Amino acid sequence: MSSVVPYRSTGRLPVPVNRELAAIKHGALAQATRIRGIEFVAQEAMFAVAGLSDFEGRLIQMTPLAEPRLKAIVDLATAAMTAEVAGIAGRLG
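The present account deals with the structure reproduced in this document. (Residues numbered from 1 in each chain as written. Predicted model: local features only at pLDDT ≥ 70, side-chain atom pairs only at ≥ 80, totals over all residues. Heavy atoms only, no water.)

### A few points about the side chain of glutamate 56
Looking at the element boundaries, glutamate 56 is found in helix 1 (residues 15-62). With a relative accessible area of 11%, glutamate 56 lands in the buried category. If we ignore the near neighbours within four places in the chain, the residues touching glutamate 56 are Leu70, Lys71 and Val74. (Helix = DSSP H or I, 4+ residues; strand = E, 2+ residues; numbered from the N terminus. Buried < 20%, exposed > 50% of the residue type's maximum accessible area, 1.4 Å probe, protein only. Contact = heavy atoms within 4.5 Å.)

### Focus on the pattern of salt bridges
Per the stated rule, a full pass over the model turns up five salt bridges. Salt bridges linked by common partners bring Glu56, Glu67 and Lys71 together as one network. (Salt bridge = Lys/Arg side-chain N within 4 Å of Asp/Glu carboxyl O.)

### Focus: a nonpolar patch on the surface
Taken together, the side chains of Leu13, Val17, Leu21 and Ile24 make up a nonpolar region of the molecular surface, amounting to roughly 320 Å² of accessible area. With respect to the helices, strands and loops of the structure, valine 17 is situated in helix 1. Given a relative accessible area of 35%, valine 17 falls into the partly exposed group. (Patch = residues over 30% accessible without salt bridge, like charges linked within 9 Å, V, L, I, M, F, W, Y side chains within 5 Å. Areas by Shrake-Rupley, 256 points an atom, 1.4 Å probe, with all protein chains shown as cover.)

### Observations regarding helix 2 (residues 67-92)
Taking 1.5 Å per residue, 26 residues should reach 38 Å; helix 2 reaches 37 Å between its end C-alpha atoms and fits that length. Listed in full, the buried residues belonging to helix 2 are Leu70, Val74, Met81 and Ile88. Buried residues in helix 2 make contact with helix 1. (Expected span 1.5 Å × (residues − 1).)

As structure tokens, then:
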């Protein structure tokens, strides 16, 4: 015979259990918010890099002699955005 006593629900959880569940939910929500923040910054950086790359290509077609300088500018901007995304991920992650 089992020594397990069936739980008889009163419809409410004990206060300590409710507090622990609330703390767990709060932690999960905070973590999800940090993840969304990282996602937003990364997505904005990706769109910006795509736009810069497209614009760079069009400018190079119009002024081929400026190609090395245009590439350097876009590479610097891309590196700065990459560093920003990494910084946000490090601070929020």
